[in-house]
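# Fold and geometry: a report
Chain by chain, the residues:
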Amino acid sequence: MICIAVVYSLWSNLNELKTEIKILSDEKKVVKQENEALNKKIIQSEKDFKIISDTNFIKIDLIGSPDSPSSKAVVYWNPDSKKVYLKIESLPVPPSYKDYHLWAVDIKGNSIDAGILIADPADKNLKQMKDVEIANSFLITLEDKKAVRIPDMINLYASGKL
């Protein structure tokens, strides 16, 4: 009878340990996923910092239009490499049938497509946009999801000059 009690106790302890191992294993997976996500954020932050601190990049603050005064973004443009990066500070979430477009405007007033902002406007990381040869200013407009050749200035959200 004592033997049966000992076996039952060991079996019960074994089941409890299996349950604890399963819980710890699940927690380990969650921690690993969180760690991987944090590592990605760190890597992205390091890339962003490298661009922001590069003196070859010109920082252009884009401020909100009268129709969207809280909109704000920053463009980092390197005139030598032609690289353009955009950091959204504040933009409203667009309707599902529209996208934000970044435009460069040259000294003659010609609009140059600098790309569509596909990412979530709440994402504060730098986004690489299309290369721009020459620019005097940058604009963000809200456009229909289609090929757009010129900005719709009625839907201007933010702009800034060099």
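In case you missed it, the structure is sitting above this.
A brief report on the enclosed structure follows. (Residues numbered from 1 in each chain as written. Predicted model: local features only at pLDDT ≥ 70, side-chain atom pairs only at ≥ 80, totals over all residues. Heavy atoms only, no water.)

Here the focus is the overall build of the protein chain. Helices and strands together make up the secondary structure of the protein chain, namely one helix and eight strands. Each helix (α) and strand (β) of the protein chain, taken in turn from the N terminus, gives the series α-β-β-β-β-β-β-β-β. Here the protein chain has a C-alpha radius of gyration of 26 Å; the compact-globule value for 162 residues is 15 Å, and the former is much larger. A burial count over the protein chain gives 31% of its 162 residues as buried. Long-range pairs, those at least 24 residues apart, make up 57% of the contacts in the protein chain with a sequence separation of at least 6. Taken as a whole, the protein chain presents about 11000 Å² of accessible surface, with 59% of it coming from carbon and sulfur. Computing the positive centroid from 23 side-chain charges and the negative centroid from 23, the protein chain places the two 3 Å apart. (Helix = DSSP H or I, 4+ residues; strand = E, 2+ residues; numbered from the N terminus. Rg over C-alpha atoms; globule rule 2.2 N^0.38 Å. Buried < 20%, exposed > 50% of the residue type's maximum accessible area, 1.4 Å probe, protein only. Contact = heavy atoms within 4.5 Å. Areas by Shrake-Rupley, 256 points an atom, 1.4 Å probe, with all protein chains shown as cover. Lys, Arg positive; Asp, Glu negative; His and termini not counted. Charge placed at Lys NZ, Arg CZ, Asp CG, Glu CD.)

The biggest cluster of nonpolar side chains holds 22 residues, and the ones touching the most others in it are L62, V75, L86, L102, F138 and I140. V74, Y76, Y85 and L126 belong to the second-largest nonpolar core, a separate cluster that totals six residues. (Core = buried A, V, L, I, M, F, W, Y, C linked by side-chain atoms within 4.5 Å.)

Strand order in the open sheet made by the eight strands is 5-4-7-8-1-2-3-6, with antiparallel pairing throughout. The outermost strands of the open sheet, each flanked by one partner alone, are strand 5 (111–117) and strand 6 (127–128). Here two bridges tie strand 3 (residues 84–90) to strand 6, and the two strands are oriented antiparallel to one another. Bridge pairing in strand 6 links Y85 to Q128. (Pairing = 2+ DSSP bridges.)

Attention shifts here to the pattern of salt bridges. In a structure, side chains of opposite charge can pair up when their charged atoms sit close to one another. Considering all chains together, one arrives at eight salt bridges under this definition. With a shortest N-O distance of 3.6 Å, K83 and D131 are connected by a salt bridge. Of this pair, K83 sits in the loop between strand 2 (72–77) and strand 3 while D131 sits in the loop between strand 6 and strand 7 (137–144), placing them 48 residues apart in sequence. D113 serves as the salt-bridge partner of K130, at 2.7 Å between the closest nitrogen and oxygen. Residue K130 is located in the loop between strand 6 and strand 7, and its partner D113 is located in strand 5; the two are separated by 17 residues in the primary sequence. (Salt bridge = Lys/Arg side-chain N within 4 Å of Asp/Glu carboxyl O.)

This paragraph deals with a nonpolar patch on the surface. Together, I2, V6 and L10 make up an exposed nonpolar region whose accessible area comes to about 330 Å². The class of L10 is exposed, set by a relative accessible area of 55%. (Patch = residues over 30% accessible without salt bridge, like charges linked within 9 Å, V, L, I, M, F, W, Y side chains within 5 Å.)

Across the six residues that make up strand 2, a large majority, five, are buried. Pairing of strand 1 (residues 58–64) with strand 2 involves six bridges; the strand directions are antiparallel. From the neighbouring strand, D61 faces strand 2, where its bridge partner is V74. In this structure, strand 2 lies alongside strand 3, joined through six bridges in antiparallel fashion. Residue pairing for strand 3: Y76 is matched across the bridge by Y85. Between strand 2 and strand 3, which pair antiparallel one after the other, the connecting turn spans six residues, and K82 there sits at a positive phi close to 75°.

Attention now moves to the packing of aromatic side chains. Per the counting criterion, the structure on display carries three aromatic pairs. Judged by centre distance (6.2 Å) and plane angle (65°), the rings of W77 and F138 are edge-to-face. Here W77, found in strand 2, pairs with F138, found in strand 7; they are 61 residues apart in sequence, far enough to count as distant. Under the relative-accessibility criterion, W77 is labelled buried at 4%. Classification of F138 by relative accessible area gives buried; the value is 0%. (Phe/Tyr/Trp six-rings, centres within 6.5 Å; stacked < 30°, edge-to-face > 60°.)

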